[in-house]
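Listed below are the residues making up each chain.
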Amino acid sequence: DVKVTQSSRYLVKRTGEKVFLECVQDMDHENMFWYRQDPGLGLRLIYFSYDVKMKEKGDIPEGYSVSREKKERFSLILESASTNQTSMYLCASSSQRGWQETQYFGPGTRLLVL
Amino acid sequence: RKEVEQDPGPFNVPEGATVAFNCTYSNSASQSFFWYRQDCRKEPKLLMSVYSSGNEDGRFTAQLNRASQYISLLIRDSKLSDSATYLCVVPTDGGATNKLIFGTGTLLAVQP
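Below, the structure is looked at part by part. Each residue is numbered by its place in its chain's sequence as written, counting from 1. Chains and ligands are labelled by the order in which they are written, letters from A for the one and numbers from 1 for the other. In view of the model being predicted, local features appear only for residues whose pLDDT reaches at least 70, and side-chain atom pairs are presented and counted only at 80 or more, with totals across whole chains, interfaces and linings using the full set of residues. For side-chain calculations, the full set of non-hydrogen atoms in the structure is used, while hydrogens and water are omitted.

**Looking at the interface of chain B and chain A**
Whether two residues touch is decided by their heavy atoms; if any such pair falls within 4.5 Å, the residues are in contact. Contact residues are listed per partner, giving 22 residues for chain B and 27 residues for chain A. Buried area: the accessible surface (1.4 Å probe) lost by two parts on joining, summed over both. Roughly 2,000 Å² of surface becomes buried between chain B and chain A when both sides are summed, with 53% attributable to carbon and sulfur atoms. By the criterion applied in these results, polar contacts are pairs of N or O atoms within 3.5 Å in which, for protein atoms, one can donate a hydrogen and the other can accept it, and in which residues neighboring in sequence qualify only through two side-chain atoms. Here chain B is connected to chain A by two residue pairs in polar contact (both at pLDDT 80 or more). Helical segments are the DSSP runs of H or I of at least four residues, strand segments are the runs of E of at least two, and each set is numbered from the N terminus. Elements with a minimum of two residues in the side of chain B that touches chain A: strand E4 (33–38), strand E5 (44–50), strand E9 (84–91) and strand E10 (100–102) of chain B. Side-chain classes follow a simple rule in which Ala, Val, Leu, Ile, Met, Phe, Trp, Tyr, Cys and Pro form the nonpolar group, Asp, Glu, Lys and Arg form the charged group, and the remainder, Gly included, forms the polar group. Here the residues of the side of chain B that touches chain A are counted per class, giving eleven nonpolar, eight polar and three charged.

**Comments concerning the sheet that holds strand E1 (residues 4–6) of chain A**
Residue and element names in this part refer to chain A. For two strands to pair, DSSP has to find at least two bridges joining them. Pairing is antiparallel in the open sheet, where four strands are placed in the order E1-E3-E8-E7. The two strands at the open ends of the sheet, each matched to only one other strand, are E1 and strand E7 (64–70). Ignoring strand direction, the axes of neighbouring strands in this sheet form an average angle of 20°. By the bridge criterion, five bridges tie E7 to strand E8 (residues 73–78) in an arrangement that is antiparallel. Counterpart to Val66 in the pairing with E8 is Leu76. Working convention: axes come from line fits to C-alpha atoms, limited for helices to the stretch in contact. Angles between N-to-C directions cover 0 to 180 degrees.

**Focus: the sheet that holds strand E3 (residues 19–25) of chain B**
Residues and elements named next belong to chain B. Pairing is antiparallel in the open sheet, where five strands are placed in the order E1-E3-E8-E7-E6. Whereas interior strands pair on both sides, the edge strands pair on one side only; in this sheet they are strand E1 (4–6) and strand E6 (54–57). Strand-to-strand twist across the sheet, computed as the mean angle between neighbouring axes with direction ignored, equals 15°. Summarising the sheet, E3 and strand E8 (residues 70–75) pair through six bridges and their orientation is antiparallel. Note that in E8 the partner of Cys23 across the bridge is Ile71.

The structure is reproduced here in structure tokens:
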């Protein structure tokens with residue numbers, strides 16, 4: 001079974017703090033993704049990565065950065081957290097490129113920025 | 001037009017009912033489509049893929065109408081355990097990059 005884990009299920013941070021969200025997958029997948037999910041807006045892609053040290057902006061990258069130093073790990077960084085970054089953050093992974101590959105999601109991190 | 005559009009519901013149906021959800025998409029170049037299921041406070045999981053005109057898996061049938069650019073999900077003989085949000089998903093870039101666009105989801109509540 002594919003397993004995608006995220007470092008925290010719940011996080012509470014203060015405005016201006018630097019926040020690290022970590023994601024690890026155990027299936028040797030090339031592709032990894034970070035989404036945020038908000039009511040009425042659905043899942044929106046923040047950043048994705050096709051390979052180690054490679055990253056591409058998604059639809060809403062502003063205020064975020066990512067790091068992929070190892071194939072199995074993809075980190076999302078909020079450089080200076082703001083209240084509008086309160087959200088559910090979901091990491092996903094998939095193998096290869098191409099539309100046939102299922103994305104497997106982690107359990108999500110609920111982030112509250114005060 | 002939104003890239004992927006779904007009726008948010010909620011759809012409240014009794015056990016045993018047949019229910020159908022529609023989803024429209026704007027990118028006519030899209031070749032494949034997916035339905036994901038998301039339980040309350042859980043992550044999305046793949047339910048079905050749709051590559052040609054449709055796909056059937058037990059009580060679930062997904063159909064594709066390319067001319068009208070919509071896909072549908074039909075659930076027969078609804079169970080309580082079918083209660084969830086159903087996400088319509090369309091690859092962007094014609095599918096070349098595995099980058100997906102998610103609809104906002106349709107909430108199904110199956111009542112006893």
